[in-house]
Amino acid sequence: FSIETDGMKIEVKKEFSVAPSTQVFVPQTEVPVTAVTVTPAVAPSEEDGLVEIKSEMVGTFYASPSPDSDPFIKVGDSISTGKVVCIIEAMKLFNEIISEVSGTVEKVCVSAGDAIEFGQTLFLVRP
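About the cut-offs
- Residues numbered from 1 in each chain as written.
- Predicted model: local features only at pLDDT ≥ 70, side-chain atom pairs only at ≥ 80, totals over all residues.
- Heavy atoms only, no water.
- Pairing = 2+ DSSP bridges.
- Helix = DSSP H or I, 4+ residues; strand = E, 2+ residues; numbered from the N terminus.
- Contact = heavy atoms within 4.5 Å.
- Core = buried A, V, L, I, M, F, W, Y, C linked by side-chain atoms within 4.5 Å.
- Buried < 20%, exposed > 50% of the residue type's maximum accessible area, 1.4 Å probe, protein only.
- pLDDT = per-residue confidence, 0-100.

Outline the sheet that holds strand β8 (residues 93-98), listing residues and values.
Read from one edge to the other, the open sheet built from four strands follows the order β8-β7-β5-β10, with strand pairing classed as antiparallel. Unpaired on one side and paired on the other, β8 and β10 (115-116) mark the two borders of the sheet.

Structure below.
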């Protein structure tokens, strides 16, 4: 299990062991936690100064308004506040994601058709 929020990443892992074939496995009522790691989520140094455009919802990512169209934005494009950067489909509704930052698109972090989570980074922009 892993969760990342507000610059902090928490991971919980459980180790599984294989029981010998001569022993009977009895399930435990409690699951022991074998490792908990708390590390700050820090972007690599090459991404210093970049601003993330994150998903506002869970759904399916689309980079263009239709399969035959050009993407709303691509790496190297200059964008401004209020520009549509992508569409996220949620429950058969297509929601436009609007940029809240002006700058140059440095990286597209997802691909068309990807399942997107709330708060997932979609684009990195150099202001």
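A description of the environment of Ala115 should follow, citing residues and the corresponding values.
Along the chain, the position of Ala115 falls in strand β10. Put simply, Ala115 and Glu89 are 26 residues apart on the chain and 9.5 Å apart in space, counted from C-alpha to C-alpha. Beyond its immediate chain neighbours, meaning those up to four positions away, Ala115 contacts Gly59 and Gln120.

If you had to explain the nonpolar core to someone new, which residues and values would you point to?
In terms of nonpolar packing, the biggest core is built from 15 residues, with Ile53, Phe61, Ile79, Val85, Cys86, Leu122 and Phe123 touching the most fellow members. Mapped onto this core, the elements with two or more residues apiece are β7 (84-90) and β11 (121-126). Discounting residues that sit within four places of it in the chain, Phe123 has contacts with Val51, Glu52, Ile53, Phe61, Ile73, Val85, Cys86, Lys107, Val108 and Cys109.

Any chance you could break down the confidence of the model for the protein chain for me, citing the residues and the numbers?
Averaged over every residue, the pLDDT of the protein chain is 78; residues scoring 70 or more account for 74%. Predicted confidence is poor over residues 31-45, with pLDDT under 50, and the contacts of this stretch with residues over four places away or in other chains come to 26 contacts.

Explain the sheet that holds strand β6 (residues 78-79) residue by residue, including any values.
Read from one edge of the open sheet, four strands run β4-β11-β9-β6, paired in antiparallel fashion. Each of the sheet's edge strands pairs with one partner strand only, and the pair in question is β4 (51-54) and β6. Judged from the four bridges that link them, strand β9 (residues 103-108) and β11 form a sheet pairing that is antiparallel. Residue Thr104 lies in a different strand from β11, and its bridge partner there is Arg126.

Summarise unusual backbone geometry; cite the residues concerned and give the values.
For Met91, which is not glycine, the phi dihedral falls at a positive 55°. Secondary-structure assignment places Met91 in the loop between β7 and β8. We classify Met91 as exposed; its relative accessible area is 80%. Of note, Lys92 is a non-glycine position whose phi angle comes to about 70°, a positive value. By the secondary structure assignment, Lys92 is in the loop between β7 and β8. What makes Lys92 exposed here is its relative accessible area of 70%.

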